[in-house]
Amino acid sequence: MPAAAPRSGDAIFASVEHVNAELFTLTYGAIVRQLLTDLEEVDEVNKQLDQMGYNIGIRLIDEFLAKANVSRCVDFKETAETIAKVGFKMFLGVTASVTNWDADGTCCSIVLEDNPLVDFVELPDTCQGLYYCNVLSGVIRGALEMVSMKTEITWTRDVLRGDDAYELQVKLLKLVPEEYPYKDDE
Amino acid sequence: MIVCVAVVGHQNNPLYIQSFTEADDALKLHHVVHCSLDVVDERVNNPKKSGPMLNETYLGLLYPTENYKVYGYLTNTKVKFILVTTDLDVKDADVRNFFRRFHAAYVDAVSNPFHVPGKKITSRTFAERVSTIVKAFGLSSAG
C-alpha cells in the first residue's frame, strides 16, 4: 500500500490536542526554578536541562515519525529542514528556519523567532550563564540519536541574553550504522 | 502630570515605587503613598451601602492633598496600585484605562518564574512598560 504523502506541520499541529500555552510556559518556568533551587550551580542546571531534553527526545522521535509520515531523509540538509519546519511546528507551534550551512553540509543553524517557553521570563543577574531553553537542544540531540545520527548542539544566540532571536547550531558528528545484536556466524 | 506610581503588596509592603519628576522628594512621595493605604483599607472595610459591587477593583480618587490627587486600584489578590498625579482635571476614563494597562504589565511581570511573590519587582521590562504607559497617559489627558 503506498505511503501517504507527508503531512505539513500545520496540518498535524491542528489535529493534535492542544494545551493552554500559559500553562505550558509556567510549568516549564517552575521546572527551571526548582532545578536552580535544588542544584544551585548554573552549569549543573544546564546539564540537567539537556539530559531532560535528551530523555524527551528519544521518546518524541517515535511520535514524530508516526504522525508526520515523512519519508526517509536523503541527507542531513533534509533532516534539518524537517526538524525546523515539521518538528518545531508540530510540537511547539512555531516555525523555525534553517540557515548557515557550512561547506560539508554537516553543520547548520536553526533559528527560532519566537519561543513559547520564554514568555514573561527575564533572567536575574545571578543566573546569567543559564541556557533557559537548553531542554530544546537535548530534545533534538536525543531524537537524532535514535535515527542513527550523533550530533552536537549548542546555543549561539539567546534572546534572554540580549540577542534578537534564538539560534541553535546543529553539528552532525557521525552517522552511526545500525548494529545487530548478534553475530551472523555464530 | 503623573508624579509617581506605586505597587503595594497585600501586607502593605511596597513592591514597586517609581517617581517621574526629579524635583519632588522621593521621601515625600513615599509618605503620600503610605497615607493613601489607610484610605484604601477604610474603603475596603466599609463599603458604601450604595456601592455597586463588592469586588470593585477601581477605587477612584482616594484623597486630594494640596498639590496632588491620589487614585487607587485594588486587585483580587489585595495588591494595590497607587497613582499620584498633579493634573487638575483628570478624566475618570483615562485613569481607569491607565490602571487596566498597568494591571496587564503587572501580571506579566509576576508571571516571570524568577520573580518571588512578595519581593520587590526588579524586572526591567516592567519598568519600561510602566514608563510607556505613564507617557501615554500624559499625552492622552493633555490632548
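In this text the structure is predicted, and so the values were computed from the model without any measurement.

What counts, and at which threshold
- Residues numbered from 1 in each chain as written.
- Chains lettered and ligands numbered in written order.
- Predicted model: local features only at pLDDT ≥ 70, side-chain atom pairs only at ≥ 80, totals over all residues.
- Heavy atoms only, no water.
- Helix = DSSP H or I, 4+ residues; strand = E, 2+ residues; numbered from the N terminus.
- Buried < 20%, exposed > 50% of the residue type's maximum accessible area, 1.4 Å probe, protein only.
- Areas by Shrake-Rupley, 256 points an atom, 1.4 Å probe, with all protein chains shown as cover.
- Core = buried A, V, L, I, M, F, W, Y, C linked by side-chain atoms within 4.5 Å.
- Contact = heavy atoms within 4.5 Å.
- Buried area = accessible area lost by both parts, 1.4 Å probe.
- Salt bridge = Lys/Arg side-chain N within 4 Å of Asp/Glu carboxyl O.
- Polar contact = N/O pair within 3.5 Å; in protein donor to acceptor, adjacent residues only side chain to side chain.
- Nonpolar A, V, L, I, M, F, W, Y, C, P; charged D, E, K, R; others polar.
- Pairing = 2+ DSSP bridges.
- Phe/Tyr/Trp six-rings, centres within 6.5 Å; stacked < 30°, edge-to-face > 60°.
- Lys NZ or Arg CZ within 6 Å of the ring centre and 35° of its normal.
- Axes fitted to C-alpha atoms, helices over the stretch in contact; angles between N-to-C directions.
- Expected span 1.5 Å × (residues − 1).
- Arc of directions from axis to C-beta.

Moving on to the overall build of chain B. If you tally the helices and strands in chain B, you get 3 helices and 5 strands. Reading the helices (α) and strands (β) of chain B from amino to carboxyl end gives β-β-α-β-β-β-α-α. Burial statistics for chain B: of 143 residues in total, 41% are counted as buried. Of the accessible surface of chain B, which amounts to about 8200 Å², a share of 56% is contributed by carbon and sulfur atoms.

So, on to the nonpolar core. Grouped together as the largest cluster of nonpolar side chains are 40 residues, with contacts concentrated most on Phe88, Leu130, Tyr132 and Leu136 of chain A together with Phe114 of chain B. Listed by contribution, the elements that provide at least two residues to this core are α2 (21–39), α3 (42–68), α4 (76–92), β1 (96–99), β2 (107–112), α5 (134–146), β3 (149–157) and β4 (166–175) of chain A. Per element, the largest residue contribution to this core is 6 residues, and it comes from α4 of chain A. When near neighbours in sequence (up to four residues on either side) are disregarded, Leu136 of chain A contacts Phe88, Leu92, Leu112, Asn115, Leu117 and Trp155 of chain A. Judged by nonpolar contacts, the second largest core, of 25 residues, contains Val5, Leu15, Tyr73 and Tyr106 of chain B.

Glancing now at the interface of chain A and chain B. Contacts between the two partners involve 13 residues from chain A and, on the opposite side, 10 residues from chain B. Together, the buried faces of chain A and chain B total about 930 Å²; carbon and sulfur atoms form 59% of this surface. Applying the counting rule to chain A against chain B returns 0 salt bridges. Counting across the chain A and chain B interface gives 5 residue pairs in polar contact (both at pLDDT 80 or more). Residue composition of the side of chain A that touches chain B, by class: 10 nonpolar, 1 polar and 2 charged.

All names here are of chain A. Across the 6 residues of β2, 6 count as buried, placing the element largely inside the fold. Where burial is concerned, the two faces of β2 agree: the one with Cys107, Ser109 and Val111 and the one with Cys108, Ile110 and Leu112 are both buried. In this structure, β1 lies alongside β2, joined through 4 bridges in antiparallel fashion. Following the sheet pairing, Val98 is matched in β2 by Ile110.

Looking now at the packing of aromatic side chains. Under the defined criterion, the tally for this structure stands at 13 aromatic pairs over all chains. Ring geometry for Phe98 of chain B and Phe99 of chain B: centres 5.7 Å apart, planes at 70°, overall edge-to-face. On the basis of relative accessible area, Phe99 of chain B is assigned to the buried category, the value being 1%. Here the aromatic residues Tyr16, Tyr73, Phe81, Phe98, Phe99, Phe102, Tyr106, Phe126 and Phe137 of chain B are joined through ring pairs into a cluster of three or more. We note Arg161 of chain A situated over the ring of Tyr131 of chain A; from NZ or CZ to the ring centre the distance is 4.1 Å.

What follows is about the sheet that holds strand β2 (residues 14–19) of chain B. Residues and elements named next belong to chain B. The strand order across the open sheet built from 5 strands is β2-β1-β5-β4-β3, with neighbouring strands paired in antiparallel fashion. Strands at the two margins of the open sheet, each flanked by one partner only, are β2 and β3 (58–64). Neighbour-to-neighbour, the strand axes of the sheet open up by a mean angle of 15°, direction not taken into account. Across the sheet, helix α1 (residues 26–45) lies against β1 (2–8), β2, β3, β4 (69–74) and β5 (80–85), angled at about 125° from β3, the strand it touches most. Strand contacts of helix α2 (residues 92–110): β1, β2, β3, β4 and β5, with the helix running at about 135° to β5, the strand carrying the most contacts.

Mapped onto the fold, Ser36 of chain B is located in helix α1. Relative accessible area serves as the criterion here: at 0%, Ser36 of chain B is assigned to the buried category.

What follows deals with α2 of chain B. Residue and element names in this part refer to chain B. Along its 19 residues, α2 runs 27 Å from first to last C-alpha, staying within 8% of the 27 Å computed at 1.5 Å per residue. Listing the buried residues of α2 in full gives Asp94, Val95, Phe98, Phe99, Phe102, Ala105, Tyr106 and Ala109. Buried residues of α2 fall within an arc of 130° about the axis and therefore sit on the same side. Exposed and oriented more than 90 degrees from the buried face of α2 are Ala93 and Arg100.

Sheets are built from strands that pair by backbone hydrogen bonding, the pairs being arranged parallel or antiparallel. Residues and elements named next belong to chain A. Across the sheet, which stays open at both edges, the 4 strands sit in the order β1-β2-β4-β3 with antiparallel pairing between neighbours. The open sheet has two edge strands with one neighbour each: β1 and β3. The mean inter-strand angle of the sheet, taken between neighbouring strand axes irrespective of direction, is 25°. Along the sheet, α5 makes contact with β2, β3 and β4, crossing β3 at roughly 160°.

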